[in-house]
Amino acid sequence: MSGASITIPAAPSRRRRMWRRYGLAGIGAGIVLAWLLVALLAPWIAPYNPDFVDVANRLQPPSATHWLGTDALGRDCFSRLLWGARISLLAGFTVVLLGALFGTFVGMVAAYARGWVDEALMRLTDLVLCFPPIILALAIAAALGIGTRNTIIAMLVVWWPKFARLARALALVQRGQEYVEAAVVLGLKPARILGRHIVPNAIGPLVVLVTLDVGNAIITFAGLSFLGLGVVPPTPEWGAMVAEGRELVEQWWVATFPGLAILSIVLGFNFLGDGVRDWLDPKARSR
Amino acid sequence: MLRYVITRLLSAAAMAVLATLVVFLIANTVPGDPVLAQLGDMAASNPQTVAEWRAKWGLDLPLWQRYGIFLQGVVHGDLGISIASQRPVLDDIVQYAPATVELATIAFILALGLGIPLGIAAAVWRDSWVDATARAVSLIGVSSPTFWLAFVMLAVFYGGLQIAPGPGRLDPIAFPPDSVTGLFLVDSLLAGDWETFRDAAAHLVLPSIVLAAATIGLITRTTRAAMLETMQQDYVRVSRAKGLRERFIIFRHILPNALIPVVTLGGLAYANLLAGAVMTETVFSWPGLGRYTFRSAAALDFPAIMGITLVVSISYLLVNLLVDLSYALLDPRVRR
């Protein structure tokens with residue numbers, strides 16, 4: 001090899017570096033906040049009833065009266081989009097919070113108990129992880145029957161193991177610390193050591209990572225809905241709305257906008273998550 | 001080394017058996033009563049008919065005995081009869097698998113071919129605009145709902161610009177090549193049929209891009225992180241101090257070591273592509289396992305859903321096993 005060598009540009013100024021590293025995170029936080037507001041205020045800001053059927057005005061393109069057009073039943077797409085934020089965020093947060101709660105419990109107990117309890121619990125998580133998440137969730141959702149609650153239950157089953165692994169790793173670090181040894185020597189009960197000493201110290205990164213996983217949960221929930229296993233019609237939900245517009249290439253607005261809504265909210269969480277992960281990683285921070 | 005391989009094989013086998021148990025339990029703890037669904041109201045009101053039907057399908061046996069029968073079937077390749085197609089589930093799977101394997105393989109090559117160079121560039125020019133662009137591209141890829149991206153690509157390139165072929169593996173009027181492997185690209189080449197090869201390749205473009213989108217992001221980020229990690233090693237500093245050319249250091253010293261985690265991820269990513277094909281294939285009317293899964297789920301065709309879940313999870317396990325073993329070959333430290 002000869003000729004051109006790779007040149008490394010001079011380090012940018014501190015301010016530009018900060019912007020490059022955390023600018024996206026700021027944008028992400030803004031997007032997420034905006035969607036949270038929309039979800040909260042949907043009943044007041046939606047111009048129409050999202051379930052109001054008006055067949056005479058079906059499949060109208062976007063206009064001043066219907067900003068994002070109307071769907072095959074003449075329902076206002078914009079109103080349905082705003083209402084859809086509620087169910088997506090609700091499903092996303094529920095799955096992640098409950099999954100994290102259960103996963104953390106399992107992981108912390110495994111890390112603290114060690115021995116066969118640890119072995120058994122970790123093999124259980126391995127077992128769930130040996131299924132592709134979407135397929136397993138699909139099978140469980142199909143078995144339980146269609147509906148928001150059942151889909152959330154199905155997702156919970158596939159969601160907790162990653163938190164169990166994470167919590168176990170974090171708890172193992174704490175377990176080796178001297179203050180835990182001291183607590184053991186003092187004769188504190190295991191439950192108290194776990195609950196009052198280990199969990200509070202390990203919880204920080206966990207909480208952050210949990211919140212950022214909401215984006216993944218939203219996209220998975222929308223996917224299951226798209227496949228017809230999520231919400232019961234006529235509930236306005238983004239994945240189901242894309243499914244309704246899937247065949248309507250001429251009436252592109254029906255499927256395009258709910259998809260953009262999913263993209264933007266997931267992108268928001270991922271932008272945010274990327275910045276926070278950098279910030280949590282001491283190696284990246286010091287450089 | 002041998003001990004590691006044996007332990008790993010045994011644990012994979014144990015996992016596979018447990019996976020069958022999970023699938024069995026999901027199928028057999030369905031809230032709805034299969035009797036009512038299969039027999040209808042009239043017949044189900046007659047206790048004798050119900051008892052005979054339950055006996056016929058072994059539903060009167062205790063759960064563990066039914067599991068034994070199920071397991072026996074699985075070992076013999078009997079995954080039950082699909083309710084929708086009225087054919088053995090395994091036959092269905094064998095028929096639909098090649099289309100998915102072809103699509104996933106092309107998407108995988110695409111993801112690696114784009115993701116690794118992008119990751120290298122992002123790491124080498126860290127915090128520059130290249131890095132920012134790579135980051136944005138990978139985040140957008142990861143955040144796009146696959147089913148929606150598939151719709152947009154079809155609407156734009158097929159419906160709007162009309163520069164891409166429509167859904168399906170071939171033109172509706174074209175005949176598939178003689179089936180040898182079931183992979184149209186390979187089969188048409190074997191037959192020397194260039195026209196079919198071009199047709200099949202053209203039909204692969206959009207779905208493979210859609211399917212690869214999320215994986216490109218994943219691979220870019222892993223490559224970047226691994227490159228940065230390796231760059232901080234002492235031996236890299238030594239190479240710089242020796243005055244080696246930067247390019248040589250990057251491609252000969254850093255890259256080979258940085259690629260180890262990418263191999264791990266690559267295996268998983270391939271398995272994930274097989275699963276992610278559910279959305280892509282549904283939108284592109286791709287006659288593969290993904291669309292079969294979707295149809296089975298929509299029709300609540302349990303034997304088919306369970307068969308697929310089992311087959312996919314076992315291939316998932318196999319890929320993981322292969323990855324771990326190749327990891328041991330690549331990185332001597334694991335063998336201990």
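Before going further, it helps to spend a moment on the overall build of chain A. Scanning chain A from N- to C-terminus turns up 11 helices and 0 strands. Helices (α) and strands (β) of chain A occur, in sequence order from the N terminus, as α-α-α-α-α-α-α-α-α-α-α. In chain A, the 25 positive side-chain charges and the 17 negative ones have mean positions that sit 11 Å from each other.

What follows concerns the nonpolar core. Within the largest apolar cluster, 107 residues are counted, with the highest numbers of intra-cluster contacts made by W35, W159, W238 and I265 of chain A together with F147 of chain B. In terms of residues, this core owes the most to one element, helix α2 (residues 77-113) of chain A, which gives 12 residues. Excluding residues that lie within four positions of it along the chain, I265 of chain A makes contacts with I31, W35, L89, I218 and W238 of chain A.

All names here are of chain B. Inspection of every chain in the model, using the stated rule, returns 2 cavities of 30 Å³ or more. Considered as a void within the structure, the second largest cavity measures approximately 30 Å³ in volume. Around the second largest cavity, the lining residues are A271, L274, V312, S315, Y316 and V319. Elements supplying a minimum of two residues to the lining of the second largest cavity: α11 (246-283) and α13 (302-330). Here the lining of the second largest cavity is composed, by residue class, of 5 nonpolar, 1 polar and no charged.

Attention shifts here to the interface of chain B and chain A. With 51 residues of chain B at the interface, the matching set in chain A holds 58 residues. Both faces considered, chain B and chain A share a buried interface measuring about 5,000 Å² in area, 73% of it formed by carbon and sulfur atoms. On the chain B side of the interface with chain A, the three residues burying the most area are F147, W148 and F151 of chain B, jointly 14% of the side's total. At the junction of chain B and chain A, the tally comes to 4 residue pairs in polar contact (both at pLDDT 80 or more). Taken together, the elements giving at least two residues each to the side of chain B that touches chain A come down to α1 (2-28), α6 (129-143), α7 (146-160), α9 (194-231), α11, α12 (289-298) and α13 of chain B. Considering every element that reaches the side of chain B that touches chain A, the biggest residue donor is α11 of chain B, with 9 residues. A per-class count over the side of chain B that touches chain A returns 34 nonpolar, 9 polar and 8 charged.

We now examine the environment of L138 of chain A. You can see L138 of chain A is positioned in helix α4 (residues 133-144). Since its relative accessible area comes to 2%, L138 of chain A is described here as buried. It is 8.6 Å that separates the C-alpha atoms of L138 of chain A and M155 of chain A, two residues lying 17 residues apart in sequence. Excluding residues that lie within four positions of it along the chain, L138 of chain A makes contacts with L224, L227 and L229 of chain A together with T293 and A297 of chain B.

Our focus in this paragraph is the packing of aromatic side chains. Per the stated rule, a full pass over the model turns up 9 aromatic pairs over all chains. Judged by centre distance (5.9 Å) and plane angle (80°), the rings of W252 of chain A and W253 of chain A are edge-to-face. For W253 of chain A, a relative accessible area of 6% puts it in the buried group. Aromatic pair F24 of chain B and F70 of chain B: ring centres 5.5 Å apart, planes at 40°, arrangement tilted. One end of the pair, F24 of chain B, is in helix α1; the other, F70 of chain B, is in helix α4 (residues 63-75), and 46 residues separate them in sequence. A cation over a ring is seen here: R86 of chain A above W83 of chain A, with NZ or CZ 5.2 Å from the ring centre.

Each value, and the rule that gives it
- Numbering of residues starts from 1 in each chain and follows the order in which that chain's sequence is written.
- Naming scheme: in the order in which they are written, chains are lettered from A and ligands are numbered from 1.
- Totals for whole chains, interfaces and linings use every residue, but because this is a predicted model, local features are given only for residues with pLDDT of at least 70 and side-chain atom pairs only at 80 or more, for both listing and counting.
- No hydrogens and no water enter the side-chain calculation; it runs on all heavy atoms of the structure.
- Only DSSP runs of H or I reaching four residues or more are called helices, and only runs of E reaching two or more are called strands; each is numbered from the N terminus.
- As used throughout, the charge tally considers Lys and Arg to be positive and Asp and Glu to be negative, leaving His and the chain termini uncounted.
- Taken as the charge centre is NZ of Lys, CZ of Arg, CG of Asp or CD of Glu, depending on the residue.
- Here, the term nonpolar core denotes a set of buried Ala, Val, Leu, Ile, Met, Phe, Trp, Tyr and Cys residues that are joined through side-chain atoms within 4.5 Å.
- Only protein chains enter the accessibility calculation, which uses a 1.4 Å probe; a residue is then buried when its area is under 20% of its type maximum, exposed when over 50%, and partly exposed in between.
- Any two residues whose heavy atoms approach within 4.5 Å at even a single point are treated as in contact.
- Within this scheme a cavity is a closed region of a 1 Å grid, computed over the protein atoms alone, that accommodates a 1.4 Å probe without allowing it to escape, whereas a pocket is open but has protein on both sides within 12 Å along at least five of seven lines; lining residues each have an atom within 4 Å of a point.
- Grid points are joined across faces, edges and corners, and a volume is the space filled by probe spheres set on the points.
- Amino acids are sorted into nonpolar (Ala, Val, Leu, Ile, Met, Phe, Trp, Tyr, Cys and Pro), charged (Asp, Glu, Lys and Arg) and polar (every other residue, Gly among them).
- Two parts placed together each lose some accessible area; with a 1.4 Å probe, that loss summed over both constitutes the buried area.
- A 3.5 Å cut-off defines polar contacts: any pair of N or O atoms within that distance qualifies, except that in protein one atom must be a possible hydrogen donor and the other a possible acceptor, and neighbouring residues in sequence count only when both atoms are side-chain atoms.
- What counts as a ring pair is set by centres within 6.5 Å for rings of Phe, Tyr and Trp (its six-membered ring), and what kind of pair is set by the plane angle: stacked under 30 degrees, edge-to-face over 60, tilted for all other angles.
- Lysine NZ or arginine CZ positioned within 6 Å of the ring centre and within 35 degrees of the ring normal marks a charge as sitting over the ring.

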